[in-house]
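A look at the structure
The primary structure of each chain is shown beneath.
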Amino acid sequence: MAARVGCRRSSSQAAVVALLAAALLLLLLFDLSEGSTIGVCYGRNADDLPTPDKVAKLVQQHNIKYVRIYDANIDVLKAFANTGVELMIGVTNSDLLLFSQFQTNADTWLKNNILPYYPATKITYITVGAEVTEAPGNVSALVVPAMQNIFSSLKKAGLHKKITVSTTHSLGILSRSFPPSAGAFNSSFASFLKPLLEFLADNQSPFMIDIYPYYAYRDSANNVSLDYALFQSSSEVVDPNTGLLYMNMLDAQIDALYFALTALNFRTIKVMVTETGWPSKGAAKETAATPDNAETYNTNLIRHVINDTGTPAKPGEELDIYIFSLFNENRKPGMDSERNWGLFYPDETSVYNLDFTGTTIVAPNVGTNSTNSSGATTWCIASSTASQLDLQSALDWACGQGNVDCTEIQPSQPCYQPDTLVSHASFAFNSYYQQNGATDIACGFGGSGIKVTKNPSYDNCIYATAATINTTRNNVTAATVATSSPPLISFATCVSQMSVYQGSSMESPVEHQVVVGYCMRIAVFVVSAACEDAIPTVIHPFCREYHNH
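Residues numbered from 1 in each chain as written. Predicted model: local features only at pLDDT ≥ 70, side-chain atom pairs only at ≥ 80, totals over all residues. Heavy atoms only, no water.

What the eight strands build is a closed barrel, ordered 1-2-3-4-5-8-11-12; its pairing is parallel. This sheet shows a mean twist of 30° between the axes of neighbouring strands, independent of strand direction. Set on the sheet, helix 11 (residues 249–263) makes contact with strand 8 (207–210), strand 11 (271–276) and strand 12 (320–324); between it and strand 11 the angle comes to about 140°. On top of the sheet, helix 12 (residues 291–306) reaches strand 1 (37–41), strand 11 and strand 12; it is set at about 165° to strand 12, its chief contact. (Pairing = 2+ DSSP bridges. Helix = DSSP H or I, 4+ residues; strand = E, 2+ residues; numbered from the N terminus. Axes fitted to C-alpha atoms, helices over the stretch in contact; angles between N-to-C directions. Contact = heavy atoms within 4.5 Å.)

Mapped onto the fold, leucine 245 is located in strand 10 (residues 245–246). Placed 67 residues apart in sequence, leucine 245 and proline 312 show a C-alpha to C-alpha distance of 6.8 Å. Excluding residues that lie within four positions of it along the chain, leucine 245 makes contacts with Glu236, Val237, Val238, Pro312 and Gly447.

Attention now goes to the packing of aromatic side chains. For the structure shown, the criterion picks out 18 aromatic pairs. Considering the side-chain rings of tyrosine 214 and tryptophan 341, the 5.7 Å spacing of their centres and the 90° angle between planes classify their relative orientation as edge-to-face. Taken together, the residues span a long stretch of sequence, with tyrosine 214 in helix 9 (residues 213–219) and tryptophan 341 in the loop between strand 12 and strand 13 (379–382) at a distance of 127 residues. By relative accessible area, which is 1% here, tyrosine 214 ends up buried. Aromatic side chains phenylalanine 231 and tyrosine 297 sit 5.4 Å apart centroid to centroid with 55° between the ring planes, which places their arrangement in the tilted category. Separated by 66 residues along the polypeptide, phenylalanine 231 in the loop between helix 10 (226–229) and strand 9 (237–238) and tyrosine 297 in helix 12 bring together distant segments of the chain. For the pair phenylalanine 231 and tyrosine 297, a shared accessibility class is recorded, and that class is buried. By way of ring pairs, the aromatic residues Tyr212, Tyr214, Tyr215, Phe231, Trp278, Tyr297, Phe324 and Trp341 are connected into one cluster. A cation sits over an aromatic face here: arginine 44 above tyrosine 42, 5.8 Å from the ring centre. Stacked on the ring of tyrosine 258, the Lys or Arg lysine 314 has its end atom at 5.0 Å from the ring centre. (Phe/Tyr/Trp six-rings, centres within 6.5 Å; stacked < 30°, edge-to-face > 60°. Buried < 20%, exposed > 50% of the residue type's maximum accessible area, 1.4 Å probe, protein only. Lys NZ or Arg CZ within 6 Å of the ring centre and 35° of its normal.)

Moving on, we come to the packing of helix 7 (residues 140–156) against helix 8 (residues 190–202). The packing of two helices is summarised by the inter-axis angle and the distance between the axes. Across the interface, helix 7 lies against helix 8 with an axial gap of 9 Å and an inter-helix angle of 20°. Between helix 7 and helix 8, the crossing angle belongs to the class labelled roughly parallel. The element helix 7 and its partner helix 8 pack so that their crossing is left-handed. Residues Ser140, Val143, Val144, Met147, Gln148 and Phe151 of helix 7 lie in contact with helix 8, whose contacting residues are Phe192, Pro195, Leu196, Phe199 and Leu200. (Parallel < 35°, antiparallel > 145°, perpendicular 65-115°, else oblique. Left-handed = near helix turned anticlockwise from the far one by under 90°.)

The next thing to look at is the pattern of salt bridges. If the charged atoms of two oppositely charged side chains come close together, the side chains can form a pair. A complete count under the given rule lists eleven salt bridges for this structure. Between lysine 194 and glutamate 198 there is a salt bridge; the shortest N-O distance is 2.7 Å. Residue lysine 194 and its partner glutamate 198 are located together in helix 8, separated by four residues, close to a single helical turn. Through salt bridges with shared partners, a single ionic network connects Arg68, Asp210 and Glu275. (Salt bridge = Lys/Arg side-chain N within 4 Å of Asp/Glu carboxyl O.)

What follows concerns the environment of threonine 108. Relative to the helices and strands, threonine 108 resides in helix 6 (residues 103–114). The spacing of threonine 108 and serine 153 is 45 residues in sequence and 8.8 Å in space, taken between C-alpha atoms.

For the rest of this paragraph, the subject is the state of the cysteines. What the rule picks out here adds up to three disulfides. One disulfide bridge connects cysteine 399 with cysteine 406, the sulfur atoms lying 1.9 Å from each other. On the sign convention where negative is left-handed, the bridge of cysteine 399 and cysteine 406, at about -90° about the S-S bond, is left-handed. The same class applies to cysteine 399 as to cysteine 406, namely buried. Here cysteine 415 pairs with cysteine 461 through a disulfide, and the sulfurs are 1.9 Å apart. (Disulfide = S-S within 2.5 Å.)

Attention now goes to the packing of helix 13 (residues 388–399) against helix 14 (residues 421–435). One can describe the packing of helix 13 onto helix 14 by two numbers: an axis separation of 9 Å at closest approach and a directional angle of 40°. By the angle between their directions, the pair helix 13 and helix 14 is classed as oblique. The crossing of helix 13 and helix 14 is left-handed. Residues Gln388, Leu391, Gln392, Ala394, Leu395, Trp397, Ala398 and Cys399 of helix 13 touch helix 14, and the partners they reach there are Leu421, Val422, His424, Ala425, Ala428, Phe429 and Tyr432. Its residues placed into classes, the contact of helix 13 with helix 14 shows twelve nonpolar, three polar and no charged. (Nonpolar A, V, L, I, M, F, W, Y, C, P; charged D, E, K, R; others polar.)

With that out of the way, let us pick up the nonpolar core. In terms of nonpolar packing, the biggest core is built from 106 residues, with Phe80, Ile89, Trp109, Ile150, Phe185 and Phe207 touching the most fellow members. It is helix 11 that contributes the most residues to this core, nine residues altogether. Excluding anything up to four places from it in sequence, isoleucine 150 contacts Val91, Phe99, Ala106, Trp109, Ile126, Val128 and Val165. Listed in part, the 29 residues of the second largest apolar core include Cys380, Ile381, Ile409 and Tyr463. (Core = buried A, V, L, I, M, F, W, Y, C linked by side-chain atoms within 4.5 Å.)

Okay, the environment of isoleucine 441 next. Looking at the element boundaries, isoleucine 441 is found in the loop between helix 14 and strand 14 (449–452). For the pair isoleucine 441 and phenylalanine 231, spaced 210 residues apart in sequence, the C-alpha to C-alpha distance is 9.1 Å. Contacts of isoleucine 441, omitting those with residues within four sequence positions, involve Arg303, His304 and Asn307.

Next up, the structure:
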């Protein structure tokens, strides 16, 4: 269980910056993820919403960096000017005919609705139509011609590499989504999909999908676990074809789409989730639509996304996801839940508390996530199906960079016997899991960890819980907890923060240590992962230097 603690313990800011720079170089050289993003959908199907300028201020106050709107409303575009917020704007289904018929219509729209506000308003995506396969009438045939005309207009203006064109879909675009490896597109959409996928692949545009685990649970509660839908599952769902382990429904649904794309030989198209979320209120029979469940889903979603873990079929692949929706919208038709997806009430007060971006360095919410939705305490142990190599690597990481005290599994200590890799890894995995908020992410270990509800303690070997961890931390400051917590922000964010702190005066030595220590762990993780798992040491000189340390 040797760990390279020499590098990890360095407190020199110069060393941190150098290591960050080297890790960033590796990311660039080997085309690794640039970091996942969380955005919010700004729907306006209501008659009591604040004005767009107030909305823009609210978005900034809560550090929301990405916003999706469903049209190109001029007042909204003006309101978000010079805010730095990236906007995804939309062409409505009712306008598809206009844009598909004549190139001049697209040219005029761009000239009048986009160019006057760009780049002060940072428009990065244009969605052409929304869930057209669900829309009444045969409008799907209009989508690709409209996309091509808008793309041509952007190209004429020199913006085709700055503003990406795509269209959004419901999960109904798939005829099968379980198991994920059997994901397949509905054959009735074949004539629409072929030119669409060719356009996306040719122009490096993402396949945009709206995914709602809430509906899957609501409509099939006997087959879908609430914990699985809420990112709180204590057991994995195994894809029988691939052996991949799924701990939440969203990952499974995203991977089903990736497998469907692969089946049609479109392997380079990335998936972007343009809507997901959970309602905070519903009709009497919508028992899962509660503020607690909505907060749980979106909090766990954000942690999952910004941790850059990807999905089981696409580990490390960036996930760009938009939460629906910014406000409750009182004019939406349908069941009560349809009008209660908002993160905010129209008076701008929060429906529940949520950290939208995770860009601040925060302590994990110790104790609040150590139970599943039924209230049972959970532990994290090593999977008996994990390989010896995977277990050893995960154990080394937990006892090294993971900052777990592994004294208890040393010879003559209470948890040394049985002297097996699974037993030792289970103790270390659980310690890391409990001291880092008892979240699904903290029990990942590359698929080697699983959550259980039965206490694995035995004899004098006591497995910690979030409550016992919290008790031992009564005298630990939030800053200290933050420096010992797992990376909850992306590497790119850390680099950004370091650039801010570099050369500036820290308010206190504690603040300095928080930033330096936190980013050091991220850098070491990135570098060690690249050097140990991806790059032969004989090829890359930096890796040879890394191993010398």
